[in-house]
Amino acid sequence: MIVIDYKDRRPIYEQVVDRFQELILNGALPADTKLPSVRSLAMELSINPNTIQRAYATLEQKGYIYTVKGKGSFIAGDAELMNFKKMEAIKQLEDAISQAKKSGITYDEIEETCQSIYKEEQIND
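Colleague: Would you mind going over the side chain of Gln21 in detail, with residue names and values included?
Modeller: Inspection of the secondary structure puts Gln21 in helix α1 (residues 12–25). Residues within four places of Gln21 in sequence aside, it is in contact with Leu59, Lys62 and Tyr64.

Colleague: Hey, could you go over the pattern of salt bridges for me, with residue numbers and the actual values?
Modeller: Applying the stated criterion across every chain, the model contains four salt bridges. For Arg10, the salt bridge goes to Asp8, with nearest N and O atoms at 2.7 Å. The partly exposed category is assigned to Arg10, whose relative accessible area is 32%. Given a relative accessible area of 23%, Asp8 falls into the partly exposed group.

Colleague: A description of the pairing of strand β1 (residues 65–68) should follow, citing residues and the corresponding values.
Modeller: As paired strands, β1 and strand β2 (residues 72–75) are joined by four bridges and run antiparallel to one another. Each bridged residue has a counterpart across the sheet, and for Tyr66 the counterpart in β2 is Phe74. In this structure, the hairpin formed by β1 and β2 is closed by a connection of three residues, where Gly70 is found at a positive phi of approximately 80 degrees.

Colleague: Lay out the nonpolar core in plain terms, naming residues and giving numbers.
Modeller: Among the nonpolar cores identified, the biggest contains 22 residues, and Val16, Phe20, Leu45, Ile52, Tyr56 and Ile65 are the most heavily contacted of them. Mapped by element, the contributors of at least two residues to this core are α1, α2 (38–45) and α3 (49–61). When residues of this core are assigned to their parent elements, the largest contribution, six residues, is made by α1. With residues up to four places along the chain from it excluded, the contact list for Phe20 reads Met1, Ile2, Leu29, Leu35, Leu41, Tyr56 and Leu59.

Criteria and cut-off values
- Residues numbered from 1 in each chain as written.
- Predicted model: local features only at pLDDT ≥ 70, side-chain atom pairs only at ≥ 80, totals over all residues.
- Heavy atoms only, no water.
- Helix = DSSP H or I, 4+ residues; strand = E, 2+ residues; numbered from the N terminus.
- Contact = heavy atoms within 4.5 Å.
- Salt bridge = Lys/Arg side-chain N within 4 Å of Asp/Glu carboxyl O.
- Buried < 20%, exposed > 50% of the residue type's maximum accessible area, 1.4 Å probe, protein only.
- Pairing = 2+ DSSP bridges.
- Core = buried A, V, L, I, M, F, W, Y, C linked by side-chain atoms within 4.5 Å.

Nothing here speaks to function; it is geometry throughout.
Structure follows, in structure tokens:
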């Protein structure tokens, strides 16, 4: 499920977070699935439990998982995750529009481009 690449320059906890995000967003880990305990995953990966704890804390902050005291960590429900993904996409769109404005692209050009992309995506769905 999780493979650590020791040649990767990113911290190990980021690799764990990224892999869990991929598994969650791809549907490989459905809502309310119990994650391995911090200790068991740390032992399985032969890494410090604090690293897994940090990864789980990051996933919880981002809305991908939730923790129940005494029970463990679980994959967040679809509604919460979809809301998070929506807010993340809006933030990326805001950043892109800001960059476009700084590049001299007009409001009409941005609107026309957005409409064109949106229509193309509807066709592809």
